[in-house]
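Residues per chain are reported as follows:
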Amino acid sequence: MKFVISLLILAAVAAANPGPLGEGPKASVLADQNGTDDYIISILNTFETPYATQILGLDYNDGYNSLFFISNAEDELYNCSADDGTELNSWALDPVNDHAFGMADGGSFAHVNDFSSSDVYFFNGVTWGTYPNPYNNDGRGMDFDGTYIWEAFGAIHATYGAACAFDKTGVLLGAWNLPGITTQLSGLAVFDTGTDATGIAVTSYSVHYIWFYEFTGSSMILLGSGQLPVSANAYYSLGLCYSSERNTYFWSYYDYSMVFHISELQITETSLERSTWGNIKTSF
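It should be emphasised that the depicted structure is a prediction, and the values quoted were computed from it without experimental measurement.

## A few points about the overall build of the protein
Then, in step 1: Assigned secondary structure in the protein consists of two helices and 20 strands.
Then, in step 2: Burial status across the protein gives 55% buried among its 284 residues.
Then, in step 3: Counting only carbon and sulfur atoms, one obtains 54% of the accessible surface of the protein, whose full area is about 11800 Å².

## Notes on the pattern of salt bridges
Then, in step 1: Taken as a whole and judged by the stated rule, the model has two salt bridges.
Then, in step 2: Ionic pairing is found between R246 and D83, a salt bridge with its closest N-O pair at 2.9 Å. Of this pair, R246 sits in the loop between β18 (234-243) and β19 (248-255) while D83 sits in the loop between β4 (76-81) and β5 (87-92); the two residues are 163 residues apart in sequence, bridging distant segments of the chain.
Then, in step 3: Given a relative accessible area of 24%, R246 falls into the partly exposed group.
Then, in step 4: A salt bridge links E264 to R246; the nearest nitrogen and oxygen atoms lie 2.9 Å apart.

## Digging into the pairing of strand β3 (residues 66-71)
Then, in step 1: In terms of residue burial, β3 counts as a mostly covered element, since six of its six residues are buried.
Then, in step 2: Of the two faces of β3, the one carrying S66, F68 and I70 and the one carrying L67, F69 and S71 are both buried.
Then, in step 3: Bridging between strand β2 (residues 56-61) and β3 involves four bridges; their strand directions are antiparallel. Paired with L56 across the strands is I70, a residue of β3.
Then, in step 4: Taking the residues that link successive antiparallel strands as the turn, the β2-β3 hairpin has four residues, and the phi of G63 there is positive, at about 85°.
Then, in step 5: In this sheet, β4 lies alongside β3 in antiparallel orientation, the contact comprising six bridges. Its bridge partner lying in β4, F68 is registered against N79.
Then, in step 6: The antiparallel pairing of β3 with β4 creates a hairpin that spans four residues between the two strands, and D75 there sits at a positive phi of about 55°.

## Some details on the environment of D83
Then, in step 1: When its relative accessible area of 40% is taken as the criterion, D83 is described as partly exposed.
Then, in step 2: Once the C-alpha coordinates of D83 and S66 are considered, the two residues, 17 residues apart in sequence, prove to be 7.8 Å apart.
Then, in step 3: Leaving out residues up to four positions away in the same chain, D83 has contacts with N45, F47, N65 and R246.

## Some remarks on the packing of aromatic side chains
What describes a pair of aromatic rings is the distance from one ring centre to the other and the angle between the planes of the rings.
Then, in step 1: Applying the stated criterion across every chain, the model contains 26 aromatic pairs.
Then, in step 2: When the ring of Y254 is compared with that of F260, the centres are 4.7 Å apart and the planes differ by 45°; the resulting orientation is tilted.
Then, in step 3: Residue Y254 is classed as buried on the basis of its relative accessible area, which comes to 17%.
Then, in step 4: Through a chain of ring-to-ring contacts, the aromatic side chains of Y39, F191, F212, Y242 and Y249 assemble into a single cluster.
Then, in step 5: Note that K26 overlies the ring of Y235, its terminal NZ or CZ placed 4.1 Å from the centroid.

Parameters and conventions
Residues numbered from 1 in each chain as written. Predicted model: local features only at pLDDT ≥ 70, side-chain atom pairs only at ≥ 80, totals over all residues. Heavy atoms only, no water. Helix = DSSP H or I, 4+ residues; strand = E, 2+ residues; numbered from the N terminus. Buried < 20%, exposed > 50% of the residue type's maximum accessible area, 1.4 Å probe, protein only. Areas by Shrake-Rupley, 256 points an atom, 1.4 Å probe, with all protein chains shown as cover. Salt bridge = Lys/Arg side-chain N within 4 Å of Asp/Glu carboxyl O. Pairing = 2+ DSSP bridges. Contact = heavy atoms within 4.5 Å. Phe/Tyr/Trp six-rings, centres within 6.5 Å; stacked < 30°, edge-to-face > 60°. Lys NZ or Arg CZ within 6 Å of the ring centre and 35° of its normal.

Written out as structure tokens, the structure reads:
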């Protein structure tokens, strides 16, 4: 009986604390995929980063054809080629920021969250500062829309999806539920909808889809979802970003062989049921 109780205690502890990638228990069922549109996602290119043990978070560096990502194993923020992953630069994370996950390029400052800390760490190229994270340690993927930083709600016990937006000092604009998701989120990307609305795309750790939303200023409308390529053999989806320059997405993931990858994705629609969505593009 004591042995059984000990196992139950260990299971409870495991369920209450994030793993080394910020993940909770792996989802055993698919989330609801009902949406207004469907998308086909295909891989254009895949590469690894042998100089970095992990690839957490992901952000495209506009104008430089490069990507930012994080490795907690090296405690570094990296910048690499978007073509093949060649290392271009790196910066040491704040020593306190030892469980970093999401990263947003806020113009002249990098903003990095932490799944064991309630702060966001911001970097001006020389020194680090902090401000309170509205999602505390439950924030995961991040992106910047030119005014606000967006962050995915990735609590390890999450049974719903959500995202919040805040300014570059942590002042909260608001938080909104993301319909159609019943699992822990990981990556988040902002994309241009071609309208006044903001596009938000998200991934989850263990349900390998991308969900697309239109933020109207007061609510999130689910545009649809697409399954990530099974050929990637992904175990965890970790980061997501969009490049308007290349009209593609970049996705970071950890496969069943325990190898981290970045894949460039082309996304095409299979239907045009929403008139507003039809004005965006037939191919990202």
